[in-house]
Protein chains: 2
Amino acid sequence: MENASAGATDELDDQDFLRLDRQVCFSLHAAARAFNGVYRTALKDLGLTYPQYLVMLVLWEDGELPVKKIGERLRLDSGTLSPLLKRLEAAGHVERRRSAEDERSVSVRVTAQGAALREKALAVPRTIAAATGLSLDEVRDLRTRLDRLTAALDGEGREASGEGGAGDCVR
Amino acid sequence: MENASAGATDELDDQDFLRLDRQVCFSLHAAARAFNGVYRTALKDLGLTYPQYLVMLVLWEDGELPVKKIGERLRLDSGTLSPLLKRLEAAGHVERRRSAEDERSVSVRVTAQGAALREKALAVPRTIAAATGLSLDEVRDLRTRLDRLTAALDGEGREASGEGGAGDCVR
DNA sequence: GACAACTAAGTTGCGCACAACTGAATGGCG
DNA sequence: CGCCATTCAGTTGTGCGCAACTTAGTTGTC
């Protein structure tokens, strides 16, 4: 293999690309885990994991949602959500019941205890914001970049599914 | 909800912060998983998972390393690495053997088969780069931002451990 | 030499992520 | 009506990530 693809190389060869890739994918991986760790600490008092917190955030805004909708909002499938919601129910934060109109659907609703938990959760974002050391504008900018990136990656990986409805990815 | 805590708010109240937090932490979480998904697809031919690829990238550069060093490079502990390395060994990509000088240490080395795998891996970064739709400069910029963020989060979470040796976080 | 403090790798247990599958309910179509 | 494709939730199996712990080897001190 001298240079197999003598096509449209910018300026780097495959070796450099591999090296750069190591750096970039490591950075993203590490950043995600570092964030996770900070949330883990901040959420310990609430007895929530990071993904459970994400679910509660969605439910606090909307009050009640079918599992399907939660999955669309958070990009999670039932394989992840079903056991997670079971644990949230076991902890007393949410209730699940099958929908009357459509027996296939399960509606998830925050309990009084779950609503009370929100009061404690109000302190979390400031803790996180402080830990990042970023300004509000920087946070917003970061979010925009990440969403663009996610959209690009999703569009590439699978043929753009009908993501339109959410209204959460653009906002 | 008037405004419960009339503390030192920048301009947003707790409600807004909680809303913004939902968006940011979701974005990061989703971006990391979307990235993971693209790598998963790109790595399917190689028979590697994303974390396994990270380990192989490090080993391809250095040839042979003790488990401890790999962990420092990738920010992973033995609880994650031990079974992962076992699987890489079972697949024939690496060899593990206890160090002669220090019997506590286990040295990991790529096999001939593992080295051959690198040739196939050379195509991966271009695939990923194409999927992101980012230019080289944007990729580098993203990496810088993520590393800064990780450093800030790490420094916050645990009292800055002796991270100095790696030479990978700053580079 | 003996003992305590430390270090490296491995193990266990729990939760998340995802692919693949199951099972029940729904909707369309002849 | 009967049949089939689709949809929704849940289950199973594999692998990662991390906390807590275990085991074995090393080092420092007396």
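Chemist: Sorry, what's going on with the protein's contact with DNA strand D here?
Modeler: Near DNA strand D lie 26 residues; those nearest to it are A:His29, A:Lys68, A:Ser78, A:Arg96 and B:Arg87. Within 4 Å of the protein, the contacting atoms of DNA strand D are 79% sugar and phosphate, with bases supplying the remainder. Contacts to DNA strand D include A:Ser82, whose side-chain N or O atom sits 3.0 Å from a phosphate oxygen. Taken together, the elements giving at least two residues each to the surface near DNA strand D come down to helix 1 (14-43), helix 3 (67-74), helix 4 (78-90) and strand 2 (94-98) of chain A together with helix 2 (50-62) and helix 4 (78-90) of chain B.

Chemist: When you look at the sheet that holds strand 1 (residues 64-66) of chain B in this model, what are you seeing that I'm missing?
Modeler: What links the strands of a sheet is backbone hydrogen bonding, and the strands pair in either a parallel or an antiparallel sense. Residues and elements named next belong to chain B. Across the sheet, three strands lie side by side as 1-3-2; this open sheet has antiparallel pairing. Of all the strands in the sheet, the pair left with one neighbour each is strand 1 and strand 2 (94-98). Along the sheet, successive strands turn relative to each other by an average axial angle of 25°, direction set aside. Pairing between strand 1 and strand 3 (residues 106-110): three bridges, direction antiparallel. Each bridged residue has a counterpart across the sheet, and for Glu64 the counterpart in strand 3 is Arg109. Those strands touched by helix 3 (residues 67-74) are strand 1 and strand 3, and its axis lies near 90° from that of strand 1.

Chemist: Got a minute to help me understand the pattern of salt bridges in this structure?
Modeler: Side chains that differ in charge, positive against negative, can pair when their charged atoms come close. Residue and element names in this part refer to chain A. Summed over the entire model, instances satisfying the criterion amount to 26 salt bridges over all chains. When the shortest N-O distance is used, the salt bridge between Lys68 and Glu72 registers 3.4 Å. Taken as a pair, Lys68 and Glu72 lie in helix 3 at a separation of four residues, close to a single helical turn. For Lys68, a relative accessible area of 61% gives the class exposed. Taking relative accessible area as the criterion, Glu72 reaches 38% and is therefore assigned partly exposed. Salt bridges sharing partners connect three or more residues here, namely Glu64, Glu95, Arg97 and Arg109.

How each quantity is defined
Residues numbered from 1 in each chain as written. Chains lettered and ligands numbered in written order. Predicted model: local features only at pLDDT ≥ 70, side-chain atom pairs only at ≥ 80, totals over all residues. Heavy atoms only, no water. Near = heavy atom within 4 Å. Polar contact = N/O pair within 3.5 Å; in protein donor to acceptor, adjacent residues only side chain to side chain. Helix = DSSP H or I, 4+ residues; strand = E, 2+ residues; numbered from the N terminus. Pairing = 2+ DSSP bridges. Axes fitted to C-alpha atoms, helices over the stretch in contact; angles between N-to-C directions. Contact = heavy atoms within 4.5 Å. Salt bridge = Lys/Arg side-chain N within 4 Å of Asp/Glu carboxyl O. Buried < 20%, exposed > 50% of the residue type's maximum accessible area, 1.4 Å probe, protein only.

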